[in-house]
Amino acid sequence: MNKDIATPKRTKEILDKYGFSFKKSLGQNFLIDTNILDRIVDHAGVTERTGVIEIGPGIGALTEQLAKRAKKVAAFEIDQRLLPILKDTLAPYDNVTVIHQDVLKADVKAVMDEQFQDCDEVMVVANLPYYVTTPIIMKLLEENLPLKGIVVMLQKEVADRMAAKPSSKEYGSLSIAVQFYTEPKTVMGVPKTVFVPQPNVDSAVIKLTLRGAPAVAVKDEAFFFQVVRASFAQRRKTLLNNLVNNLPNGKEKKADIEKALQDSHIDGKRRGESLSIEEFAVLSDRLSKAFL
Ligand code: SAM
């Protein structure tokens, strides 16, 4: 019987065998606890009907646990040095494809079409490289990929921002972007001790369940996000000031902004962080009349 990759002993053996040295710049913190991995796969609800996209398989710790339960796993790995290691460690599993590519540059939709024809659903499951957590999540969401959900390990602080509610200090444009496309839920906190090397920050696993349709219907998605970003540009400033200072030609269009706020029944003296996603939708549709 094959021994699991994700134990301190086997991980050390593999790293020693290949003389592998971690690259901090690639966010390489490998998991050495099968219990945590099992729980991640449980939260993702992976079954023999599921196709899984993994980002950053490392030496295959999570990939192996996914391969045992999923129909297929397609894993994007940027670090060429890991390819021969993965070939070795994942040899017992014939349902895994490792793709040597930066996921940020990859055509994920094409990979899904090619790999998951015979799967009923597709989940993204990963222990993300922390230096690019947000760009990866935003890429997956903005490309409107036909995903059921995303279950990923990331910095606890970023998980908190993604799941934050209005008027909390963590609430900002990332919360709105993530909640526009998904229903986020932090499913567990994870101690530093289950990684090698140990990261400097606390970690958590978040589950993002894709919505059938965006949380709010807006006339222009790009403009909606522009309004959201402008509203949070300087957190101490009022909503009116932020919109005037940060929307294109906002100063000349101050009267239009004031009117849009009034028509939306939103007090311009409020701070952006107090607005719900529904209020941002109403406001951006009103503002779009003057700006688009
Ligand atoms: N899944 C493994 C585990 O849990 O032990 C490794 C996780 S480690 C936190 C992140 C992995 O992502 C590393 O293997 C790293 O080389 C890879 N990686 C970093 N940036 C990447 C990118 N832009 N595209 C694909 N993989 C990347």
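The structure presented is a predicted model; accordingly, all values stated were derived computationally and were not measured.

### Some thoughts on the packing of helix α9 (residues 221-231) against helix α10 (residues 239-246)
Direction vectors running N to C along α9 and α10 enclose 115°, while the axes themselves pass 8 Å from each other. Considering only the axes of α9 and α10, their crossing is right-handed. Where α9 approaches α10, its residues Val-227, Ala-230 and Ser-231 are matched on the opposing element by Leu-239, Asn-242, Leu-243 and Asn-246. Per-class residue counts for the contact of α9 with α10 are 4 nonpolar, 3 polar and no charged.

### Things to note about α9
Since one α-helical turn is 3.6 residues long, residues separated by three or four positions face the same way. Considered for burial, the residues of α9 that qualify are Phe-223, Phe-224, Phe-225, Val-227, Val-228, Ala-230 and Ser-231. Buried-residue contacts for α9 involve α8 (173-181), α10 and α12 (277-291). For α9, the side-chain oxygen to backbone nitrogen distance between the N-cap and Ala-222 is 3.1 Å, and the N-cap itself is Asp-220.

### With respect to the environment of Ile-85
Position of Ile-85 relative to the elements: it lies in helix α4 (residues 83-89). As for Ile-85 and Gly-58, which are separated by 27 residues in sequence, their C-alpha atoms are 8.8 Å apart. With residues up to four places along the chain from it excluded, the contact list for Ile-85 reads Ile-14, Tyr-18, Phe-20 and Ile-59.

### Details of the UniProt feature "binding site: S-adenosyl-L-methionine" (unreviewed entry) in the protein
In the numbering adopted here, UniProt assigns the feature "binding site: S-adenosyl-L-methionine" (unreviewed entry) to Asn-29, Leu-31, Gly-56, Glu-77, Asp-102 and Asn-127. Among the annotated residues just listed, those lining the largest pocket are Asn-29, Leu-31, Gly-56, Glu-77, Asp-102 and Asn-127. In this structure, Gly-56 is in contact with Phe-76, Glu-77 and Asn-127, ignoring residues within four places of it in sequence. The residue Glu-77 is located in strand β3 (residues 72-77) in this model. In this view, Glu-77 contacts Gly-56, Pro-57, Gly-58, Leu-82, Leu-86, Val-98, Ile-99, His-100 and Gln-101; residues no more than four positions away in its chain are not counted. At a separation of 3.1 Å, a polar atom in the side chain of Glu-77 contacts the main-chain amide nitrogen of Gly-58.

### A closer look at the sheet that holds strand β5 (residues 121-127)
Either a parallel or an antiparallel arrangement is found when strands of a sheet pair, and the pairing is made through backbone hydrogen bonds. Judged by pairing direction, the sheet is mixed, and its 7 strands sit side by side in the order β4-β3-β2-β5-β6-β9-β7 without closing on themselves. The open sheet has two edge strands with one neighbour each: β4 (96-100) and β7 (182-190). Taken pair by pair, the neighbouring strands of this sheet meet at an average axis angle of 20°, ignoring direction. In terms of strand pairing, β3 meets β4 through 5 bridges, oriented parallel. When the sheet's bridge partners are listed, Val-73 is paired in β4 with Val-96. Along the sheet, helix α6 (residues 133-142) makes contact with β2 (50-55), β5, β6 (149-155), β7 and β9 (203-210), crossing β6 at roughly 170°.

### Describing the side chain of Gln-155
Locating Gln-155 in the fold gives a position in strand β6. Within the local environment of Gln-155, its side chain forms a polar contact with the backbone oxygen of Tyr-130, the two atoms lying 3.0 Å apart. Non-local contacts of Gln-155, meaning those with residues more than four positions away in its chain, are made with Tyr-130, Thr-133, Val-201, Asp-202, Ser-203 and Ala-204.

### Some thoughts on the layout of surface pockets
To find leftover empty space, one rolls a probe the size of a water molecule over the atoms. By volume, the largest pocket is sized at about 380 Å³. Forming the boundary of the largest pocket are 30 residues, of which Ile-55, Gly-56, Glu-77, Asn-127 and Pro-129 lie nearest the centre. Those elements giving two or more residues to the lining of the largest pocket turn out to be β1 (30-31), β2, α3 (61-69) and β3. Residues belonging to the lining of the largest pocket are distributed by class as follows: 19 nonpolar, 8 polar and 3 charged. What the second largest pocket holds in volume is close to 240 Å³. As for the second largest pocket, its lining consists of 13 residues, and the residues nearest its centre are Lys-24, Gly-27, Asn-29, Pro-199 and Asn-200. Across the lining of the second largest pocket, the residue classes tally to 6 nonpolar, 5 polar and 2 charged.

Each value, and the rule that gives it
- Residues numbered from 1 in each chain as written.
- Predicted model: local features only at pLDDT ≥ 70, side-chain atom pairs only at ≥ 80, totals over all residues.
- Heavy atoms only, no water.
- Axes fitted to C-alpha atoms, helices over the stretch in contact; angles between N-to-C directions.
- Helix = DSSP H or I, 4+ residues; strand = E, 2+ residues; numbered from the N terminus.
- Left-handed = near helix turned anticlockwise from the far one by under 90°.
- Contact = heavy atoms within 4.5 Å.
- Nonpolar A, V, L, I, M, F, W, Y, C, P; charged D, E, K, R; others polar.
- Buried < 20%, exposed > 50% of the residue type's maximum accessible area, 1.4 Å probe, protein only.
- Polar contact = N/O pair within 3.5 Å; in protein donor to acceptor, adjacent residues only side chain to side chain.
- UniProt positions renumbered as here; feature names shortened; annotations may be inferred.
- 1 Å grid on protein atoms, 1.4 Å probe; cavity = no way out; pocket = protein on both sides within 12 Å on 5 of 7 lines; lining within 4 Å.
- Pairing = 2+ DSSP bridges.
- Points joined across faces, edges and corners; volume = space filled by probe spheres on them.

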